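# Close look at the chain arrangement
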Amino acid sequence: MAAYGLYSHIQSNRRRSIILLAGLFFLVYVLVYAGALAAEGLSVNADLNTLLQLAWIDFLKAAPFATVGSALWIVIAYYFHQNMIDALTGGQQVQRRDEPRLYNILENLCISRGIATPKLKIMDSDALNSFATGMNAKQYSITVTTGLLKELDDAEIEAVLGHELTHIRNGDVRMMVIAVIIAGAVSFFVELIFRLWFYNSFGFGGSRSERRGGGGAGLAILIAVGLLVVAYVLSFVIRLALSRSREFLADAGSVELTKNPDAMISALRKIEGRGELRRATSAVMEMCIDNPREGFGELFDTHPTVDSRVAALVKFAGGHDPGPIALPPPASGVAGDQSAVGGPPAGPWDPENAPDAASGAPGPWSEPTQAPPQPSSAPHSESAPGGPWGPHRGS
């Protein structure tokens, strides 16, 4: 468990990254063949074997274009994935002068391990979450939310940054980005093929139904649909197949960096259930320190539960679990909104500041109960009625 920079884990992640990239091309080829088979089934009246052969010929013709398209997709994602994520989350890069507290904590962690300091970004959100991205040392960055900075103390922030640094060190970040690339590519091709099918079916359904007639066309289309479903499910399973143990290892790596298991535990307890990034896609949420979006039980969850992670830190790192931590709800509205703290201060004209009718004491804006006294050279008696600012003093 206490395994920051486990070389076996790092090497395993590198092998997985290569396999995932190869899997991307395989899934795209499956999609291309499924599209070709469906097109032949919709346009040619022939038996199944003939349709399979025609689809294979179409696939061989389209394979070079699919290969180039997939490679271009990878290149674009490699160089611009961070810009895409920042556009979704609104993350802004900061320097030491902008966030000296956060930057100093991150730099000290990196210096202690001889790690290159990644870029630091802040996302304006009340949610408590963080994530790391990047494909190489020049691209690595860590993004944290303003809510996290507000609710966590320095030791807890250090634990969170140590967690993200461990993901970078172990190669988890690169592997997750590749998985997102695969899922995006497969989803794009599946949607494209289905749109073409519907367009052709509704636009040319009459003429093609006459030519389709019988034979193996219907079975060919069923096979094509089955291949599409399999490819789409595989792209989803690939993301789930990325072992959830990476979160346990990142927690352990943070403890080894900070020597403070209690800080990691309390950070997880504060983040628990408060990490929803509304503008982020599911792919981005899978890279976060906690993903509150639940699947069917734990079957499709990308992260282990906070309880299981805390239990592991208590068992293997000697930490102490304080249990769920209650935090005050985030203030609604913009900063300085006085309604969040009970509304604007009451003025002298508000009902609660009105003079007590029973006492008969007039206020400064009250209607006079009697005519104001006329100026007189005679001194006022002590029982004389006072004006709106008290009794007049004699000169």
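In case you missed it, the structure is sitting above this.
Residues numbered from 1 in each chain as written. Predicted model: local features only at pLDDT ≥ 70, side-chain atom pairs only at ≥ 80, totals over all residues. Heavy atoms only, no water.

### Description of helix 11 (residues 306-317)
Taking 1.5 Å per residue, 12 residues should reach 16 Å; helix 11 reaches 15 Å between its end C-alpha atoms and fits that length. Three or more residues of helix 11 are buried, namely Val-306, Arg-309, Val-310, Ala-312 and Leu-313. Angular distribution of buried residues about the axis of helix 11 spans 155 degrees; they occupy a single face of the element. Summarising the contacts, the buried residues of helix 11 are in contact with helix 5 (154-170), helix 8 (245-258) and helix 9 (261-271). Phi turns positive, to about 75 degrees, at Gly-318, one or two residues after helix 11. (Helix = DSSP H or I, 4+ residues; strand = E, 2+ residues; numbered from the N terminus. Expected span 1.5 Å × (residues − 1). Buried < 20%, exposed > 50% of the residue type's maximum accessible area, 1.4 Å probe, protein only. Arc of directions from axis to C-beta. Contact = heavy atoms within 4.5 Å.)

### Examining the nonpolar core
Counting residues in each nonpolar core, the largest one holds 85 residues, and the members touching the most others are Leu-31, Leu-102, Ile-142, Val-144, Leu-161, Ile-182 and Leu-277. Excluding residues that lie within four positions of it along the chain, Ile-182 makes contacts with Leu-20, Leu-21, Leu-24, Leu-27 and Ile-238. (Core = buried A, V, L, I, M, F, W, Y, C linked by side-chain atoms within 4.5 Å.)

### Looking at the packing of aromatic side chains
Scanning the entire structure with this criterion turns up 5 aromatic pairs. Ring centres of Tyr-29 and Phe-59 lie 6.0 Å apart, and the angle between their planes is 85 degrees; this geometry places the pair in the edge-to-face category. Residue Tyr-29 is found in helix 1 (residues 7-43), and its partner Phe-59 is found in helix 2 (residues 48-89); the two are separated by 30 residues along the sequence. Take Phe-59: its relative accessible area is 10%, and that puts it in the buried class. Measuring from centroid to centroid gives 6.2 Å for Tyr-33 and Trp-56, while their planes differ by 65 degrees, and the two rings are edge-to-face. Of the two residues, Tyr-33 sits in helix 1 while Trp-56 sits in helix 2, which places them 23 residues apart along the sequence. Overall, the relative accessible area of 18% leaves Tyr-33 in the buried class. Members of the aromatic cluster, each reached through a chain of ring pairs, are Tyr-29, Tyr-33, Trp-56 and Phe-59. (Phe/Tyr/Trp six-rings, centres within 6.5 Å; stacked < 30°, edge-to-face > 60°.)

### Side note on the environment of Ser-141
With respect to the secondary-structure elements, Ser-141 resides in strand 4 (residues 141-145). A relative accessible area of 0% places Ser-141 in the buried class. In this structure, the C-alpha to C-alpha distance between Ser-141 and Thr-117, residues 24 residues apart in sequence, is 8.6 Å. Each residue touching Ser-141, except ones within four places of it in the same chain, is listed here: Gln-82, Pro-118, Lys-119, Lys-121, Phe-131, Ala-132 and Thr-133.

### Focus: the packing of helix 5 against helix 9
Working note: a packed helix pair is described by the angle between its axes plus the distance between those axes. Axis separation between helix 5 and helix 9 bottoms out at 8 Å; the angle between their running directions is 90 degrees. In this view, helix 5 runs roughly perpendicular relative to helix 9, as classed from their interaxial angle. Contacts between helix 5 and helix 9 involve Ala-155, Glu-156, Ala-159, Val-160 and His-163 from the former and Ala-263, Met-264, Ser-266, Ala-267, Lys-270 and Ile-271 from the latter. Considering only residue class, the contact of helix 5 with helix 9 consists of 7 nonpolar, 2 polar and 2 charged. (Axes fitted to C-alpha atoms, helices over the stretch in contact; angles between N-to-C directions. Parallel < 35°, antiparallel > 145°, perpendicular 65-115°, else oblique. Nonpolar A, V, L, I, M, F, W, Y, C, P; charged D, E, K, R; others polar.)

### Notes on empty space enclosed by the protein
All told, the structure shown has 1 cavity of 30 Å³ or more when counted by the stated rule. Looking at the largest cavity, its volume works out to about 70 Å³. Contributing to the lining of the largest cavity are Ala-132, Glu-164, His-167, Asp-172, Val-173, Met-176, Arg-246, Glu-247, Glu-286 and Met-287. Elements represented by at least two residues in the lining of the largest cavity include exactly helix 5, helix 6 (172-212) and helix 8. (1 Å grid on protein atoms, 1.4 Å probe; cavity = no way out; pocket = protein on both sides within 12 Å on 5 of 7 lines; lining within 4 Å. Points joined across faces, edges and corners; volume = space filled by probe spheres on them.)

### Overview of the environment of Thr-258
For Thr-258, the position within the fold is in helix 8. Exposure remark for Thr-258: the relative accessible area of 14% places this residue in the buried category. Sequence separation of Thr-258 and Ala-159 is 99 residues, and the distance between their C-alpha atoms is 6.6 Å. Other than its neighbours up to four places away in sequence, Thr-258 contacts Leu-109, Glu-158 and Ala-159.

### What about a nonpolar patch on the surface?
Taken together, the side chains of Leu-72, Val-75, Ile-76, Tyr-79, Phe-80 and Met-84 present a nonpolar region at the surface, about 600 Å² in accessible area. Counting through the fold element by element, Met-84 comes out in helix 2. (Patch = residues over 30% accessible without salt bridge, like charges linked within 9 Å, V, L, I, M, F, W, Y side chains within 5 Å. Areas by Shrake-Rupley, 256 points an atom, 1.4 Å probe, with all protein chains shown as cover. Salt bridge = Lys/Arg side-chain N within 4 Å of Asp/Glu carboxyl O.)

### A few points about unusual backbone geometry
With a phi angle near 60 degrees, Lys-259 is a residue other than glycine that sits in the positive phi range. On the secondary structure map, Lys-259 appears in the loop between helix 8 and helix 9. With a relative accessible area of 62%, Lys-259 lands in the exposed category.

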